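# Survey of secondary and tertiary structure
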Amino acid sequence: MRARTPDFEGMVETHGAKVAYEVYGTSGPTVVFPPISTFVTSRAWKGQIPFLARHRRLVVIDAIGNGRSERSLVPEAYTDQARVDTTFAVMDEAGVETAALVGICSSAWVALLCAAQRPERVLGVAAISPMAPYFPQGPAEAPGYIETSYPRTPEGLAGYFEFFFDEMLPEPHSSKPREDAIGWGAETTAEIVALAESVPSVVHSRAETEAMLEKIGCPVLVVAGENDRCQTIERTRTVTDVLGAESVEVIGGGHLVQAREPVAVNLAVASFLDRVLPVPRPARTVVRPAVAGPRVLYLSSPIGLGHARRDVSIARALRAARPEVQVDWLAQPPLTQWLQERGEAVHAASHLLASETAHIDAECGEHALNAFQAIRRMDEILLANFMLFNEIVERERYDLWVGDEAWDLDYFLHENPELKQAPYAWLTDFVGWLPTPEGGASEAELTADYNADMLEQIARLPWLRDRSIFVGSPDDIVPDAFGPGLPGIREWTTAHYEFSGYVADPPSAADRAQFGFGPEPVCVVAVGGSGVGASLLRRAVEAHEELAARVPGLHTVLVTGPRIDPASIPAPSGVEVRGYVPDLDRMLTACDVALVQGGLGTTMELAAAGTPFVYVPLRSHFEQNRHVRHRLERYRAGRCVTWEEATPGHLADQLSAAMRSKRRPRPVETDGAQRAAALLADLF
């Protein structure tokens, strides 16, 4: 799922082919991204668009031969001059008289050509890893570098792209941008790639390249990776010298720095655009009440409501100990409504966050969610949200940042530690990505790589997290290893985390009448705050009749949560469907038995209340099937039923057995919020 979708999609015909473009924003100074190449689409800018489009209008163009543009077989359509003409044709079609241009590699070269040929229309150029013919060559231009082993044929093209993007991404832990790039390459054909490589350059010597660059009078920013194997650092330094340009060199960076070091590139480009394409901002005065005490910016994972429940408990415990503390929440639906209902302050910029929950909903199957792959594919959303966070903390002073499984904040802050301005605390209830059996060797390799990346970040920057808090106890940690040759998860976590114990409000006597329950036995079926639970709700409807035969007078209540339409779930006799229930945790203490997914928040609330329950972990969800199940088994809480086992008859058997069982869970800690709050208060 995209972090931001275009406001307009258009087509324009040039050089006998239809060219696709997208427009983000409807007014204001414009930034144009010329077409890149036949095997890289404009999606290569996915890390830049959401951030830059918040303040400017963007026009992004797909090259002929890829993306939504036409697959032309006319050689002239692939020349440098054709891409220059295409850029201006799209600007004309979009009503853009003047613009700043941003390009990478060959599209940076196109942007420079545009500035040389039509200087009145180009206000500035941000050239990332720019190509410049006949300037010092890199290995990618050496004779026989790729051609011999990977011919431009349908059979050879896949190997060509795999080899090429391995070279373009020499940084370790680059599997996701590599996977993206290979996928974009697959959108074109071997014939088109061969055709595009056969056309001559617009210049024929180093002298002609220098002469072209010397025509450029607008400001230019050159961004280069130190280890670029395509456009070498020597080449980009030569371009910088000839142009008298500003330059930013990414230490250790490869060719695709906009993908591998997106925060640094975004900030460099934004700073450049602020000078060459300033955005009018009306003068305003912000009046804030005097705040005597510390200010906390709290980020709580929006995937389900379990994080919010424990985080509000921690925030309340923090304010109980330090009444002067002010907590602002950077949150997104469904958390925002839940937080506001409890009197919490939601930051005004929260509505600008890209939706993580919508992405998770889009990733779901029938009672299935590969949580690791879903978060991995959420990369552009996480980046967009980190960029928003960074803008907020640049404008406003906070004395503490708290991130409860705020993957965006933790990852990009470790990648850009110079952006840290306040003490930072990280909370989580699991450590370690684990492969699923159905993911095979490929997923095992990926999870190990992601774990290794995290371990290296912590080893490199042990000071960056001022607190690492595990919401639980050491025995709650799975006994697995992070991967082959990597340390054990429990051993490493115990050495690097402090432990709060589980955060659960002390269970209180439930008022059944508050939820409309009578004396008849009640089974509550709840599926949390995401949209993945419809399959389990329907299965529970099918199981109701069989369970009612075992439990006379049974009343089943289905709670759809905030993201599933109650009208979409059938309600036969004896079954009631409710939507969003703000006090679901209390409802679960009032019922006689519950059927839920395998999320930690809901299952541990049931364990704390002593309510018998059956849980059905989502298929392919490593956390629910490994981390959560391990913890519940330690607490002797709940009965686990796999989705494959969850026939109506088996669910009825397990639910009725849970109601009859005398077994009760081990006591769940009730002081976790106070312990976590004490660990946070030390950071002020």
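Details of the structure are given in the entry above.
Residues numbered from 1 in each chain as written. Predicted model: local features only at pLDDT ≥ 70, side-chain atom pairs only at ≥ 80, totals over all residues. Heavy atoms only, no water.

### Observations concerning the pattern of salt bridges
Any two side chains of opposite charge can pair, given that their charged atoms come close. Cut-off, in case you're wondering: Here, a salt bridge means any side-chain nitrogen of Lys or Arg that lies within 4 Å of a carboxyl oxygen of Asp or Glu. In DSSP terms, a helix is any run of H or I states spanning at least four residues, a strand is any run of E spanning at least two, and both are numbered starting from the N terminus. The buried label applies to any residue whose accessible area, calculated with a 1.4 Å probe on protein chains only, is under 20% of its type's maximum; exposed applies above 50%, and partly exposed to all values in between.
Scanning all chains against the criterion turns up 50 salt bridges. Note that Glu380 and Arg43 form a salt bridge whose closest N and O atoms lie 2.7 Å from each other. Note that Glu380 is positioned in helix H15 (residues 379–395) and Arg43 in the loop between strand S3 (30–33) and helix H1 (49–52), a separation of 337 residues in sequence. For Glu380, a relative accessible area of 5% gives the class buried. Judged by its relative accessible area of 24%, Arg43 is partly exposed. For Arg460, the salt bridge identified is with Glu415, shortest N-O distance 3.7 Å. Of this pair, Arg460 sits in helix H17 (residues 440–460) while Glu415 is found in helix H16 (residues 407–415), placing the two residues 45 residues apart along the sequence. A relative accessible area of 19% places Glu415 in the buried class.

### Description of the nonpolar core
Note that soluble globular proteins tend to have their nonpolar side chains buried in a common cluster. Quick note on the threshold: Residues grouped as a nonpolar core are buried Ala, Val, Leu, Ile, Met, Phe, Trp, Tyr and Cys residues, joined through side-chain atoms within 4.5 Å. In what follows, residue pairs with any heavy atoms lying within 4.5 Å of each other are defined as contacts.
Formed by 98 residues in total, the largest nonpolar core has its most connected members in Trp45, Ile128, Phe165, Leu297, Phe386, Phe389 and Trp401. Per-element accounting of this core gives the leading share, ten residues, to H15. Discounting residues that sit within four places of it in the chain, Leu297 has contacts with Asp328, Leu330, His347, Phe389, Ile392, Val393, Tyr398, Leu400, Trp401 and Val402. Counting residues in each nonpolar core, the second largest holds 58 residues, with Leu335, Val503, Met604 and Ala637 among its members.

### Here's the deal with the packing of aromatic side chains
Short version of the rule: Pairing of aromatic rings covers Phe, Tyr and Trp, the last counted by its six-membered ring, and requires centre-to-centre distances within 6.5 Å; plane angles under 30 degrees mean stacked, over 60 mean edge-to-face, and any other angle means tilted.
In this structure the tally under the stated criterion is 29 aromatic pairs. For the pair Trp407 and Trp433, a centre-to-centre distance of 5.1 Å together with 45° between the ring planes defines the contact as tilted. Of this pair, Trp407 sits in helix H16 while Trp433 sits in the loop between strand S13 (424–428) and H17, and the two are 26 residues apart along the sequence. The residues Trp407 and Trp433 share a single accessibility class, namely buried. Taken together, a centroid distance of 6.1 Å and an interplanar angle of 40° make the contact between Phe515 and Phe517 tilted.

### Concerning the sheet that holds strand S16 (residues 522–526)
Cut-off, in case you're wondering: Here the rule is simple: two strands pair whenever DSSP picks up at least two bridges between them. What counts as an axis is a line fitted to C-alpha atoms, over the stretch in contact for a helix, and the angles between N-to-C directions run from 0 to 180 degrees.
Reading across the sheet, the six strands line up as S18-S17-S16-S19-S20-S21 and stay open at both edges, with parallel pairing between neighbours. Two strands in the sheet have a free side with no partner beyond their single neighbour: strand S18 (575–578) and strand S21 (639–640). Packed on one face of the sheet, helix H23 (residues 648–660) meets S16, strand S19 (593–597), strand S20 (613–616) and S21 and runs near 130° to S19.

### A short note on unusual backbone geometry
A cis amide bond, omega 5°, links Pro333 with the succeeding residue Pro334. Assignment of secondary structure puts Pro334 in the loop between strand S10 (326–330) and helix H12 (335–341). The phi dihedral of Ser129 falls on the positive side, at around 50°, and the residue is not glycine. Mapped onto the fold, Ser129 is located in the loop between strand S6 (122–128) and helix H4 (154–168). Looking at Ser129, the relative accessible area reads 0%, which means it is buried. Notably, His367 is not glycine yet its phi reads approximately 45°, a positive angle. With respect to the helices, strands and loops of the structure, His367 is situated in the loop between helix H13 (356–363) and helix H14 (371–376). Residue classification places His367 among the buried residues on the basis of a relative accessible area of 0%.

### Considerations on helix H5 (residues 175–185)
Most of H5 sits inside the fold, with eight of its eleven residues counted as buried. Turning to H5, its buried residues are Ser175, Lys176, Pro177, Asp180, Ala181, Ile182, Trp184 and Gly185. Buried residues belonging to H5 abut H4, helix H9 (257–260), H14, H15 and H17.

### Focus on the packing of H16 against H17
Using the following cut-off: An angle counts as roughly parallel when it lies under 35 degrees, as roughly antiparallel when it exceeds 145, as roughly perpendicular when it falls between 65 and 115, and as oblique in every other case. Crossing handedness is defined as follows: a turn of the near helix away from the far one that is anticlockwise and smaller than a right angle gives a left-handed crossing, while the clockwise case is right-handed. Residues are sorted three ways: Asp, Glu, Lys and Arg are charged, Ala, Val, Leu, Ile, Met, Phe, Trp, Tyr, Cys and Pro are nonpolar, and all the rest, Gly among them, are polar.
Across the interface, H16 lies against H17 with an axial gap of 10 Å and an inter-helix angle of 55°. In terms of axis orientation, H16 runs oblique to H17. Along this stretch, H16 crosses H17, giving a crossing that reads as left-handed. Judged by residue contacts, Tyr411, His414 and Glu415 of H16 engage Asp453, Gln457, Ile458 and Arg460 from H17. Residues that form the contact of H16 with H17 fall into these classes: two nonpolar, two polar and three charged.

### Here we look at the state of the cysteines
Convention followed: Note on terminology: disulfide denotes any pair of cysteine sulfur atoms within 2.5 Å.
Within this structure, the stated rule accounts for zero disulfides. The thiol sulfur of Cys523 is not disulfide-bonded, and the nearest other cysteine sulfur, from Cys591, lies at 7.1 Å. A residue is classified by how much of its surface remains accessible, and Cys523, at 2% relative accessible area, is buried. With relative accessibility at 7%, the residue Cys591 sits in the buried group.

### Concerning the environment of Gly65
The residue Gly65 is located in the loop between strand S4 (57–61) and helix H2 (80–93) in this model. For the pair Gly65 and Thr5, spaced 60 residues apart in sequence, the C-alpha to C-alpha distance is 22 Å. If we skip the residues at most four places from it in the chain, Gly65 touches Thr38, Glu70, Arg71, Tyr78, Glu187, Thr188 and Ile192.

### Examining the sheet that holds S3
Taken in spatial order, the eight strands make up an open sheet running S1-S2-S4-S3-S5-S6-S7-S8, and their pairing is mixed. A single partner strand is all that each edge strand has here, and the edge strands are strand S1 (8–14) and strand S8 (246–250). Here the strands of the sheet are splayed against their neighbours by 20° on average, with no regard to which way each runs. In the packing of H2 onto the sheet, the strands contacted are S1, strand S2 (17–24), S3, S4 and strand S5 (99–104), and the crossing angle to S1 comes to about 130°.

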